[in-house]
Amino acid sequence: LSNPSECFSHVLHAECGLSAGPYGQGFISESGHYFGCQHYRAIHHVLVADISESMGSVDAETENGEVIERIEALKMACLKYISERNIIYPLDFLSLIAFNDNTSPIFSGCFPRDEEYMERSVNDLQAGGRTFFYKAIAEAGHVIEAMENERPGQSDCAIIFFSDGEDLGREPNELALPALQDLLKARKSRG
């Protein structure tokens with residue numbers, strides 16, 4: 001760093017051993033130096049979780065070699081993601097959409113400090129049903145639009161898609177790409 005008082009990309013903060021500063025503004029190094037990040041813009045993280053029947057398969061391996069159901073691996077990944085947002089980016093907010101042949105917003109616009117509520121919600125997910133990717137993408141668009149209407153211009157957004165990729169849809173999942181393109185066009189037109 002040429003000037004240690006200036007922020008360097010917030011994506012690198014966690015890797016550099018920095019924790020969130022006061023009220024989520026800026027970052028504090030392990031040595032206690034405060035890096036002001038006045039330009040940080042919150043991110044709306046939309047987690048889209050496949051809970052279709054194939055997620056009940058017992059073939060996912062944990063870090064310690066235990067074989068578990070895919071849905072349990074998905075829950076672990078979601079909870080780790082949520083926990084990391086709470087520690088590093090407490091001003092970001094999260095939404096979770098579960099999908100199979102239906103879509104269901106599980107929670108929307110939660111701040112990472114609501115981790116206990118989100119953890120209970122994630123742990124309640126159960127595998128079953130078919131896989132309709134396009135419905136999940138369309139629902140993500142609705143959640144993003146609703147949050148943008150509620151908090152105009154306050155955040156960027158990121159969609160994190162958790163799926164085993166196994167298509168049990170029997171419906172035209174080729175609609176997924178046009179749904180994603182429509183979502184991107186809508187976001188681009190809003191700025």
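Check the entry above for the structure.
All figures in this text were calculated on a predicted structure; none of them were measured in a lab.

**Student:** Account for the overall build of the protein, with residues named and values stated.
**Tutor:** Scanning the protein from N- to C-terminus turns up 4 helices and 9 strands. Secondary structure elements of the protein, listed N to C terminal, follow the sequence β-β-β-β-β-β-α-β-β-α-α-β-α. Taken over 191 residues, the protein has a buried fraction of 42%. In the protein, the proportion of contacts linking residues at least 24 apart, taken out of those at least 6 apart, comes to 66%. Just so you have it, the protein exposes about 10,300 Å², and 51% of that area is on carbon and sulfur atoms.

**Student:** Talk me through the nonpolar core; I want residue IDs and the actual numbers.
**Tutor:** Side chains that are nonpolar tend, in soluble globular proteins, to be buried together. One finds Leu-47, Leu-74, Ile-82, Leu-94, Leu-96, Phe-107 and Leu-125 to be the most contacted residues of the largest nonpolar core, which totals 19 residues. Residue assignment for this core shows that the elements contributing at least two residues are strand E4 (42-50), helix H1 (70-88), strand E7 (93-99), strand E8 (103-110), helix H2 (115-123) and strand E9 (155-162). Considering every element that reaches this core, the biggest residue donor is H1, with 5 residues. Other than its neighbours up to four places away in sequence, Phe-107 contacts Ile-82, Leu-94, Ser-95, Leu-96, Tyr-117, Met-118, Ser-121 and Val-122.

**Student:** So what's going on with the sheet that holds E4? Which residues, and what values?
**Tutor:** An order of E8-E7-E4-E9 is seen for the 4 strands of this open sheet, with the pairing classed as mixed. The outermost strands of the open sheet, each flanked by one partner alone, are E8 and E9. Averaged over all pairs of adjacent strands, the angle between strand axes in this sheet comes to 15°, irrespective of strand direction. Sheet analysis places E7 next to E8, joined by 5 bridges and oriented antiparallel. Note on E8: the bridge partner recorded for Leu-96 is Phe-107. Running over the sheet, H2 touches E7 and E8 and is turned about 170° from E8. Most of the contacts of helix H3 (residues 133-150) go to E8, to which it runs at about 30°, and overall it touches E4, E7, E8 and E9.

**Student:** Account for the packing of H1 against H2, with residues named and values stated.
**Tutor:** Running from N to C, H1 and H2 point in directions that differ by 170°, and their axes come no closer than 10 Å. When the axis of H1 is compared with that of H2, the two are roughly antiparallel. Contact with H1, carried on its side by Lys-75, Cys-78, Leu-79, Ile-82, Ser-83 and Asn-86, involves Glu-115, Met-118, Glu-119, Val-122 and Asn-123 of H2 and no other residues of that element. Here the contact of H1 with H2 is built from residues that sort into 5 nonpolar, 3 polar and 3 charged.

**Student:** For the side chain of Asp-50, give the residues involved together with the corresponding values.
**Tutor:** Relative to the assigned elements, Asp-50 resides in strand E4. We note that Asp-50 is buried and unpaired, the nearest opposite charge coming from Arg-70 at a distance of 7.4 Å. At 2.8 Å, the side chain of Asp-50 and the side chain of Ser-163 are in polar contact. Each residue touching Asp-50, except ones within four places of it in the same chain, is listed here: Met-55, Ile-71, Leu-74, Phe-99, Thr-131, Phe-162, Ser-163 and Asp-164.

**Student:** Give a detailed account of H2, specifying residues and quantitative values.
**Tutor:** Turn by turn, an α-helix covers 3.6 residues, leaving residues three or four places apart pointing in a common direction. Among all positions in H2, only Met-118, Ser-121 and Val-122 are buried. The buried residues of H2 all sit within an arc of 95° when viewed along its axis, so they share a single face. Buried residues in H2 make contact with H1, E7 and E8.

**Student:** Before we move on, could you go through the environment of Phe-107 and cite the residues and values that matter?
**Tutor:** Turning to its location among the elements, Phe-107 is positioned in strand E8. Distance in space between the C-alpha atoms of Phe-107 and Ile-97 is 7.4 Å, their sequence separation being 10 residues.

**Student:** Could you give me a rundown of the pattern of salt bridges, with the residues and numbers involved?
**Tutor:** Summed over all chains, the structure comprises 6 salt bridges. Arg-70 is the salt-bridge partner of Asp-59, the closest N and O atoms lying 2.8 Å from each other. A residue pair is termed long-range when its members are at least 10 positions apart, and Asp-59 in strand E5 (residues 58-61) and Arg-70 in helix H1 qualify at 11 residues. Note on Asp-59: relative accessible area 45%, which makes it partly exposed. A single salt-bridge network, built from bridges that share partners, covers Asp-59, Arg-70 and Asp-164.

Definitions and limits used
Starting from 1, residues in each chain are numbered consecutively following that chain's sequence as written. pLDDT decides what is reported in this predicted model: residues at 70 or higher carry local features, side-chain atom pairs at 80 or more are listed and counted, and totals for whole chains, interfaces and linings draw on all residues regardless. Only hydrogens and water are set aside; all other atoms, that is, all heavy atoms of the structure, feed into the side-chain values. Going along the chain from the N terminus, every DSSP run of H or I of four or more residues is numbered as a helix, and every run of E of two or more is numbered as a strand. Note on classification: 1.4 Å probe, protein chains only; a residue is buried when its accessible area is under 20% of the maximum for its type, exposed when over 50%, partly exposed between these limits. Contacts are assigned to residue pairs with any non-hydrogen atoms lying within 4.5 Å of each other. Using a 1.4 Å probe, accessible areas were evaluated by the Shrake-Rupley method; residue-level cover was limited to the displayed protein chains. To qualify as a nonpolar core, a set must consist of buried Ala, Val, Leu, Ile, Met, Phe, Trp, Tyr and Cys residues joined through side-chain atoms within 4.5 Å. Strand pairing is assigned whenever DSSP identifies at least 2 bridges connecting the two strands. Lines fitted to the C-alpha atoms define the axes, with helices restricted to the stretch that makes contact. Angles between their N-to-C directions range from 0 to 180 degrees. By the definition adopted for this analysis, an angle is roughly parallel if under 35 degrees, roughly antiparallel if over 145, roughly perpendicular if from 65 to 115, and oblique otherwise. Three classes are used: nonpolar for Ala, Val, Leu, Ile, Met, Phe, Trp, Tyr, Cys and Pro, charged for Asp, Glu, Lys and Arg, and polar for all others, with Gly counted as polar. In this tally, Asp and Glu contribute negative charge and Lys and Arg positive charge; neither His nor the terminal groups of the chain are included. Whenever Lys or Arg places a side-chain nitrogen within 4 Å of a carboxyl oxygen from Asp or Glu, that contact is recorded as a salt bridge. Any N or O atom pair separated by 3.5 Å or less is treated as a polar contact, with the protein-specific requirement of one donor-capable and one acceptor-capable atom, and with residues adjacent in sequence counted only for side-chain atom pairs. Regarding the arc, it is the one traced by the directions from the helix axis to the C-beta atoms.

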